[in-house]
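Listed here are the chains, written in short residue letters.
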Amino acid sequence: MDNPKTEAKKAYDISIVRPPMRHAEFKLRGRDMTPERLKAIHKGLLTLHTLELMAQTIYRFQLTTENCELNRELVAAMCNEMTHYQDFQVKLYEFGFKPSLFRWAYWIVGFTFGFGSRLLGKKSILKTGIWVETKAVHHYAELLDTIDWDDDTRKVIEKDQADEDGHINRWKHTLEQMS
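In short, a report on the structure.

What counts, and at which threshold
Residues numbered from 1 in each chain as written. Predicted model: local features only at pLDDT ≥ 70, side-chain atom pairs only at ≥ 80, totals over all residues. Heavy atoms only, no water. Helix = DSSP H or I, 4+ residues; strand = E, 2+ residues; numbered from the N terminus. Rg over C-alpha atoms; globule rule 2.2 N^0.38 Å. Buried < 20%, exposed > 50% of the residue type's maximum accessible area, 1.4 Å probe, protein only. Contact = heavy atoms within 4.5 Å. Areas by Shrake-Rupley, 256 points an atom, 1.4 Å probe, with all protein chains shown as cover. Lys, Arg positive; Asp, Glu negative; His and termini not counted. Charge placed at Lys NZ, Arg CZ, Asp CG, Glu CD.

**Structural notes on the overall build of the protein chain**
Each helix and strand counted, the protein chain has five helices and zero strands in total. Going residue by residue from the N terminus, the α and β elements of the protein chain occur as α-α-α-α-α. The C-alpha radius of gyration computed for the protein chain amounts to 17 Å, which stays within 12% of the reference 16 Å derived for 179 residues, consistent with globular compactness. Referenced to the eigenvectors of the C-alpha coordinate spread, the extents of the protein chain come out at roughly 50 × 40 × 30 Å. Out of the 179 residues belonging to the protein chain, those deemed buried represent 43%. When contacts within the protein chain are restricted to residue pairs at least 6 apart in sequence, those whose partners lie at least 24 apart make up 84%. Summing over all exposed atoms, the protein chain offers an accessible surface of approximately 10,500 Å²; the carbon and sulfur share of this is 59%. Each charge class in the protein chain can be summarised by its mean position, and for the 26 positive and 26 negative side chains these summaries are 5 Å apart.

And the structure:
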């Protein structure tokens, strides 16, 4: 029998930067789950929430005042990462959890990667984006494979992972155009 965790990736429309959310989609979750399952979900959501804070901060500090296509793409990517951050914050609260008090450390890491790559130039910005998003895609895959998510949360994670994969492709294409 097929394991739902290892099914082929579903197609998600990554052109949608901020998917709509309807009031009825918000639910209190996890009340009927075992403590072990909830613990794994809590740990996974905290990880995703803090990593998305880092990602949006990287893009924020890579932005310059130059009126160029790269800045437009960075703004769109930052908005998308902000959406992911909100996705996981909502899920944390739906499960009755709270964000980590130490998430500020991920903001500092994001600032360091973002501002540091900005100082090194456009190619460095793109290479940093490719590297960080590749790590994110692998991290998402690991969390999808190792945690027993509820269906709604799994769909959010899969969509966000598809977005990250789209960022990789966009940054690679832009880098190739510069060469």
